[in-house]
Each structure stands twice: as C-alpha cells, then as structure tokens.
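Secondary and tertiary structure notes
Read off the chains here:
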Amino acid sequence: MNLILMGAPGAGKGTQSEKISTKWNIPAVSTGDMLRAAIREGSELGQTAKGYMDAGQLVPDSVVIGIIKEYLASDVCKNGFILDGFPRSIPQAEALEEMGVKIDKVLSIEVKDETIIERMSGRRVCSGCGASYHVKYNPSEKENVCDKCGKSLYIRDDDAADTVKKRLDTYHSQTEPLKAFYEKKGVLVCVEGQEKVEDTTALVFAALEA
Ligand code: AMP
C-alpha cells in the first residue's frame, strides 16, 4: 500500500502513521521528522529549513522533493510506504507523479482549527528519537521522559501559539488544495479526528480496509 497522510499540523498524522505502519508493516516517513533530524545534526539543509519552519512556512519544494525522492528510491519502500506530511503543495504532488510513484490512498484527518490550537499547546516531542506525545491525550508514562528511549521531551519551537496560527494559514492556502487534486483521482478518504487517539485509529483502519 502506498499511502499519503494529510491533515493540519497537530491533526495526529504522526501518531496515526505509526499505528498504520505497525499494522500493515510498511515504513512511515515524515518530512518534518527528517528536517528536524537535519537541524539536530547541524547540516546545511537543516540550517536552511529551520528559518522557514520557525516562521510557520513551508520549506522550499526543491529541498523536500530532493529528500523524499532519495527515500522512495530506497529498498525499504519496495513493499509500500506511508508519507506523513508530504506532499504539502500541488508542485510537490506533481513531483511525486513525475517520479512515477503510484498512490493507492490519500487519507485526510480532519480537525477544526480551534481544536488544533488547543492541542498544540500540549504537544511534547522526544529529544532523542523524535516520538510525539500529548500531555492530556497521549501522555508518556513518566512526565517529560520518552517511553521508547528514555530521553527528555521538549516543546517544538514551531508549536508556539503564533507560529501554529501561521502554520494553519499555510495549511489552508497551500496544502488543503491537494484534497481536490486527489479527490479527482478517486483516492481521497477523509476521517474526522477524534479526541481519543484510539477512536481516530479505529476510523483510520476502517477507512483503509474499505
Ligand atoms: P510537521 O512535523 O509535518 O508538522 O512539519 C514541520 C514543518 O516542517 C512544517 O511546518 C514545514 O515548515 C516543514 N515541512 C515538513 N514537511 C514539509 C513539506 N512536505 N514541504 C515543505 N515543508 C515541510
């Protein structure tokens, strides 16, 4: 299964892509995670990306298309993949088509902007492995400590309230038009994001099994 996960920032793409990855045994890749890893490594690509990310804008298409192209060409993707956070613009979707990548389903997790703003204030990310938590909806067992690798959790710079609003604007203006793009191709499925992670997962699995 070649799958794209769409949704506003904080809609739960990362959490759900992990669940799908485990159930269907296909790798999940997040361009946001790749860019944050590049920032942690201090690479040139990371430095370029950071300015855009902190401003709530999209990193230039050429940068993300380059990293995703390399990943999709690798052996790990030969039995399918989940793209979390890519494509995020029409030119990125067109680039995917030009690579000859066939997409089976595009799953959009729908969550209202007001809910997103409330949710983002509680998001925490692991400084070691990048795993994502929420203080209320998906807490780690021990406060501020990652269940998976034991490293400390932090608040992403771009989860600050002002930046979240900018990211939502960016989502509505540049990413949401992709829904019509994929609907025309007959591969779009929309799911309402629920308060509880497991309730959203049940809807996501049902949509993918349909
Ligand atoms: P995410 O972790 O998916 O919320 O992504 C965090 C930030 O990384 C976004 O707000 C963008 O600045 C950048 N980013 C992630 N994926 C993409 C993409 N496909 N195209 C452009 N920028 C991206």
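The structure reproduced in this document is the subject of the present report.

About the criteria used
- Residues numbered from 1 in each chain as written.
- Predicted model: local features only at pLDDT ≥ 70, side-chain atom pairs only at ≥ 80, totals over all residues.
- Heavy atoms only, no water.
- Salt bridge = Lys/Arg side-chain N within 4 Å of Asp/Glu carboxyl O.
- Helix = DSSP H or I, 4+ residues; strand = E, 2+ residues; numbered from the N terminus.
- Buried < 20%, exposed > 50% of the residue type's maximum accessible area, 1.4 Å probe, protein only.
- Pairing = 2+ DSSP bridges.
- Contact = heavy atoms within 4.5 Å.

Turning our attention to the pattern of salt bridges. Applying the stated criterion across every chain, the model contains 13 salt bridges. In this structure, lysine 50 and aspartate 157 form a salt bridge, with 3.3 Å as the shortest nitrogen-oxygen distance. You can see lysine 50 sitting in helix H3 (residues 44–54) and its partner aspartate 157 sitting in the loop between strand E7 (153–154) and helix H7 (161–175), a full 107 residues away along the chain. Close ionic contact of aspartate 159 with arginine 123 constitutes a salt bridge, the shortest N to O distance being 3.0 Å. Of the two residues, aspartate 159 sits in the loop between E7 and H7 while arginine 123 sits in strand E5 (residues 123–126), which places them 36 residues apart along the sequence. By relative accessible area, which is 6% here, aspartate 159 ends up buried. Via salt bridges that share partners, Arg123, Arg156, Asp158, Asp159 and Arg167 belong to a single interconnected network.

Time to look at the sheet that holds E7. Judged by pairing direction, the sheet is antiparallel, and its three strands sit side by side in the order E6-E5-E7 without closing on themselves. Looking at which strands have only one partner, the edges of the open sheet turn out to be strand E6 (132–134) and E7. Bridge analysis of E5 against E6 gives three bridges, and the strand direction is antiparallel. By the bridge assignment, valine 125 is partnered in E6 with serine 132.

A word on the environment of asparagine 144. With respect to the helices, strands and loops of the structure, asparagine 144 is situated in the loop between E6 and E7. C-alpha of asparagine 144 to C-alpha of phenylalanine 81: the two residues are 63 residues apart in sequence and 30 Å apart in space. If sequence neighbours within four positions are ignored, asparagine 144 has contacts with Arg124, Lys151, Ser152 and Leu153.

No statement about biological role is implied by the geometric values presented.
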